[in-house]
Each structure stands twice: as C-alpha cells, then as structure tokens.
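Read off the chains here:
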Amino acid sequence: MIEMTDLIKTYRLGSVEVPALRGITLRIEDGESVAIMGKSGSGKSTLMNVIGCLDQPTSGSYVLDGRNIADMNDTDLAMVRNQRIGFVFQQFNLLPRATILRNVEMPMMYAAENRPPLKEIRTRAEEMLKIVGLGDRLNHRPLELSGGQQQRAAIARALINRPGVILADEPTGNLDSKTGAEIMDMLLKLHIDNGLTLVIVTHDPSIAAQMSRVIRLRDGLLENGNG
Amino acid sequence: MRLIISILEAFESLSANKLRSALTVLGVVIGVAAVISMLSIGKGAQAAITSQIESIGTNLIYVSPGSTRSNGVMSASGSAGTLTMDDAKSLESLPNVVAVAPEANGRAQLAYMGNNLNTRLVGVTHAYATVRGLSLTAGTFITESNQISHASVIVLGSSVAETLFGSTDAAVGKSVKVNGLPFRVIGVLASKGSTGFMNQDDQVFVPLSTAQTRLVGSSNFRGALVISQINVKAADTSAVDEVVNAITATIRARHNTIAGSDDFTVSSQQDSIDTATSVTDTLSLFLGGIAGISLAVGGIGIMNIMLTTVSERTREIGLRKAIGARRRDILTQFLIESTVLSLLGGVLGVAVGWAIASLMGQVQLSGTTITPQVSLDSVLMATLFSMAIGLFFGIYPASRAARLLPVEALRHE
C-alpha cells in the first residue's frame, strides 16, 4: 500500500528553490490501477520518482508497505526498488550489450538478500520472457528486436523479482498505437492475474480510461483534492 | 552482484569498445614491460659482474700501499712505495693463508716482428697463478727458478698473444721485445674475459725480480725494492675476515703505524662484490624508476578512459540503480573494469618485457654478454603493481559513478 501525507518535494536550482510537489496526500491500495495525468511541469514525474523510491521527499511522509521511505538510507532504498517496485520506462532502458535474457536476470542479480542460485535465476528469467511472448528470442540483443518486443522484455525485467507495484512512465510513448495497445493489454492482464498495483504516468486519456482511478496533477498539487 | 558475473560484465563492456580498451591496455603493457626488462637487465648485469669477480676467487685478499703523508700533505692512495718483499714474506706464515703472491705492475711496449702493442705488465712469482686461478693454453707459468735467476721470460695474456702472433699456439718459444729488451715467451694464458673493470686477457707476466730490476722497478727511501700489491689467498671464504685482520695487524707492526694512519689498505674480493652489487643495485633502481614513470602514465590512461566510460554510461548506471543496484555494486563494477584493464596490461606487459629482456641477451655490450634475469619476484611485483594501479586510478571514476543520483542519471541523455 502507498500512503503519502503532506508530501513536499523542492528542488534547488542554484540559490532558487523550485517546488515540484507542494503537499500531496495520496493513498493507493494494493491491487489498484491508477493513472497519473497532468501537463508537463505539473510534478507528475517527480511524484513518480518519489513513489518509485528513486528520490526522497523534502518533507511529509511516504509510507510504502508500512515502511517510511523518508527515513531510509541509500542501501535500503536500493533494496526497496529491487524487491518491491518494477519500473517500465518510455525508452525501455535495456542494456544494449547484453542479451535480453541477461537484461531480465539483472534485478535478481542485484538482490542483496536471499539471492537464488544462478541456475534458478536463469530459469526464472526464461519463464518471464515466455510469459511476455519472447520465449524464442532469449539470446537476442535489444537492438535486434522491435520496440514492442523491447518493451515486453522490459516488462519481464520489471516483474522478475515479484514486486508489489509496477510503475510505468509513458510505457507506450515510443510505440505505434497497435503495439501500444498490446503492451497495455499485457500490463493490465499482469495486473489482474498477479494482483499487482499498477501506476501509469500517461498523457493518453484512452489509457487513463482503462485504469480504475485517475489522479490529475497541476502545479504540484492534486487537482481533484486529496485522494 | 556475484563477482564472476561482474567480471563477465566487465569483459563485455570492455569488448564493446575494443580499440579504446586495447589502447588503454597498451599504455600499461609498455609500462610493465619497461619495468620488467629494465629490472632484469639490471639483475643480469649484476650477475655477470659478480660471477666475473667470483671467478677470480672469493677468498682473495689484496694488500695495496696507502698514501703517504709528508709535512701534512696527503698524496694519492696507492702511490706510496710502502710495501716490500719482506712485507709479503711476513704474511706467508699467518694461519689460514694458502698462498701469498706479491706483484709489481706497470705498462710496457711489446714488439714482435712488425706487430707491437702497449699492455699492462705484471711482475709476479710462481704463486700468482694459484692465487688468481690462472690457467694456460700453452707452455708454463713463471717458475720459482725464473724468479731466482731474474730470467727474461714472459707469459702472455690470450689477446696479447693473438695480437702479436696471430694465434695463441704460435707464441711459445718465440722471442718478443719488451721495452726493447728481448724476452722468451714461455706460456700463454687461457682467455678469461673482462671483469667489467679491466680486460684480464690484455696483460703479460714476467718474473717479479725481473720486473723490479729491469722494467717497472722502483725502490723506497731505504733502498728496498717496492711492490705494487700483495695478493693473498685465504684457506676458504669463511676465513677471509680473520685473515684480513691478521694481515692488518702484521703489517701495522712492521710499519709501526696505528689504526687511522695506516700506509696500506687491505681489501677482500667480497668488498669488490659488495661495491659492484651496490652499484648495480643503484643502476637497477634508477632504470626501474624511470620505467615506473611510464607505468604511472599508463595508470593515468586507465583513469582517463574510466572517466569517459562513466559519463558515457550514466544512463546505464541510473537504470542499474533503479532496478536495485547499491552504491557498492556500481563501485565494484567499475573497479573491476579498471582492474581487468590494468591486469590485462600487466600480464601482457610481463610477456613483452620478458621478450625484450631475452632479445637484449643476444646483444653484446663491449665484449660482455649480459644475460638478463627475469626473476619471479619482479614478475609478481609488476603484476601486483599494475593491479594496484588499476584499483588506485579506478577509485575516483568508480566512486563518481556510485555517487550518481538515480533520478538524474536516468534523465541523462
């Protein structure tokens, strides 16, 4: 469960303080699907980064699964990202040098505790790639695949550590509409099948319409009051 | 992240930029190869010089005249005619002394038919061959009766015989002119090579009595004939120090001198080895130090390339952090990359250095072949040192990578 209370995030540009989030109180239940919408500069990327523990709030509290993120150190944050959150990026962010199998294995390699043996990691990565329909492309490198296939590999990578939350930042932004729709179908199916919390940042109202809830941001505040 | 996976990834990312990695490695290769070859040449030179000195015998002791002081003015060491035949005789009875060979030396002009040369002339007794370990290829050495009869006989060093007669065999029995006086050649020495200080084959020997009276002789103020040096052979190497002390005491008593104002010097072969060793050690250190500079330059090359790599891969670092890499995971990853680079350079550098060293072994330097010795510790040291350089010069770039903020790294284009 994601719980934010009076969350404020301020950036410092030289001597000027730029507020990005100006007091967000938000609650997202386990298994919910939420779209975050808003114009650029509205703070949605910042909100996304804070939810994903890539960044810490300046003040206010953010409790993820009962643990206060604001109190955590760098190593703890890395562990939370590794175990609890799966990221899907607009640019896929796969390592071009490595095969997609190795790309998908990577989050498991970084597991600090209870890391399974290499063989098990390999088996699990192969399973994940089969689930996203890339069972026959295991040893291809990302640039040998289409955009849609790369995004599927990225989804497999996001899911390999069985996280509770999938954070997708414009996951269809770099894809044509047909492929984009396929990716959305896949994300929704995984969300429903595995009871995952799905949070998507998007500009696309048709994607937002597929979510159970839409959160709109304007100037660092929630537009429809606190959710 | 498991170590083996990190090493695999390091190779993967290094091979993504093959030329760049190869050039960086080359920098380290040159540095390590220079260190290895320089140290091995230094070691080789040391071994060559030491073995030459040892071939004369490690149980040799030299007594040479010291400097004299007249009215408080010190003259050059060795210039004084303070050693006499009686001094030499007095040493024969000392314990652990096997043989005593006094000598008087100077330079002489030798002529045979149309050939002539200037060489070192040494007046010696029969004991000299034993003491200095000389062996002959033809004829005999100076005998006791030659010494008693002041005979005009001469023994030639091998290169002298070759210059005058064309070969070492043809000389025996011939008559050569020494400073205009006729001398009969009775023997030719086997070639011994150079000590690095002087060519032992370029000298000739006559009876000491003959030398003193007719060739290089001089006498001291009492009218006794002086000698240039006394060579003493101790029973074995371990007795050398004891014999040196006994000789010093004996001659001090004869000359009525006290420690600090002696008019003679006693030195052993070990002293020469020690001197030579300290000279070649300094030489090795100097050569190795210069080579070490190029190794450090190689290290800076690694740092340069690692900094480039880190900034090129900022986005990758961001991604790795987003999926759970800790600071220390990123740090290790980049440190492994720089260490792989430097270690690769180290291993290749040892091979290249070895090759250079053995090539140098083919080259003759002023008649002496130095056989470079690649020692295990210089190989180990160069390898470990190159690894340390990789770590040292990798720390800054790697910690820069590890400190990147995930949000900013991910946004990096």
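Residues numbered from 1 in each chain as written. Chains lettered and ligands numbered in written order. Predicted model: local features only at pLDDT ≥ 70, side-chain atom pairs only at ≥ 80, totals over all residues.

1. Quick word on the overall build of chain B
No. 1: Summing up its helical and strand segments, chain B has 13 helices and 14 strands in all.
No. 2: Against the 2.2 N^0.38 benchmark of 22 Å for 413 residues, chain B shows a C-alpha radius of gyration of 33 Å, more extended than a compact globule.
No. 3: If you line up chain B on its principal axes, its C-alpha atoms span 105 × 50 × 35 Å.
No. 4: The 413 residues of chain B split such that 43% are buried. (Helix = DSSP H or I, 4+ residues; strand = E, 2+ residues; numbered from the N terminus. Rg over C-alpha atoms; globule rule 2.2 N^0.38 Å. Buried ≥ 20, exposed ≤ 12 C-beta atoms within 10 Å, placed from the backbone.)

2. Details of the packing of helix H2 (residues 18-56) of chain B against helix H12 (residues 376-403) of chain B
Residue and element names in this part refer to chain B.
No. 1: The N-to-C vectors of H2 and H12 enclose an angle of 155 degrees; their axes lie 10 Å apart at closest approach. In terms of axis orientation, H2 runs roughly antiparallel to H12. You can see that H2 and H12 cross each other, and the crossing is right-handed. For the pair formed by H2 and H12, the contact residues are Val 28, Val 32, Val 35, Ile 36, Leu 39 and Ser 40 on the first element and Ser 378, Val 379, Ala 382 and Ser 386 on the second.
No. 2: Split into classes, the residues belonging to the contact of H2 with H12 amount to seven nonpolar, three polar and no charged. (Axes fitted to C-alpha atoms, helices over the stretch in contact; angles between N-to-C directions. Parallel < 35°, antiparallel > 145°, perpendicular 65-115°, else oblique. Left-handed = near helix turned anticlockwise from the far one by under 90°. Contact = placed C-beta atoms within 7 Å. Nonpolar A, V, L, I, M, F, W, Y, C, P; charged D, E, K, R; others polar.)

3. Structural notes on the sheet that holds strand S3 (residues 33-37) of chain A
Residues and elements named next belong to chain A.
No. 1: The strand order across the open sheet built from six strands is S6-S7-S8-S3-S9-S10, with neighbouring strands paired in mixed fashion. Two strands in the sheet have a free side with no partner beyond their single neighbour: strand S6 (85-88) and strand S10 (221-222).
No. 2: Bridge count between S3 and strand S8 (residues 197-201): four bridges; the pairing is parallel. Following the sheet pairing, Ile 36 is matched in S8 by Val 201.
No. 3: Packed on one face of the sheet, helix H6 (residues 177-194) meets S3, strand S7 (165-169) and S8 and runs near 165 degrees to S7. (Pairing = 2+ DSSP bridges.)

4. Let's talk about the sheet that holds strand S5 (residues 67-68) of chain A
No. 1: One open sheet holds the four strands; their spatial order is S2-S1-S4-S5 (chain A), and the pairing between them is antiparallel. Two strands bound the open sheet, and with one partner strand each, they are strand S2 (16-28) and S5 of chain A.

5. Brief notes about the environment of A:Ile28
Residues and elements named next belong to chain A.
No. 1: Within the element layout of this structure, Ile 28 appears in strand S2.
No. 2: Taking the C-alpha atoms as reference points, Ile 28 and Pro 57, 29 residues apart in sequence, are found 17 Å from one another.
No. 3: Residues within four places of Ile 28 in sequence aside, it is in contact with Ile 2, Val 34, Thr 197 and Val 199.

6. Digging into the confidence of the model for chain A
No. 1: On average, residues of chain A score 92 in pLDDT, and 99% of them are at 70 or above.
No. 2: Within chain A, helix H5 (residues 147-159) of chain A carries the highest mean pLDDT (96), whereas strand S1 (residues 2-13) of chain A carries the lowest (91). (pLDDT = per-residue confidence, 0-100.)

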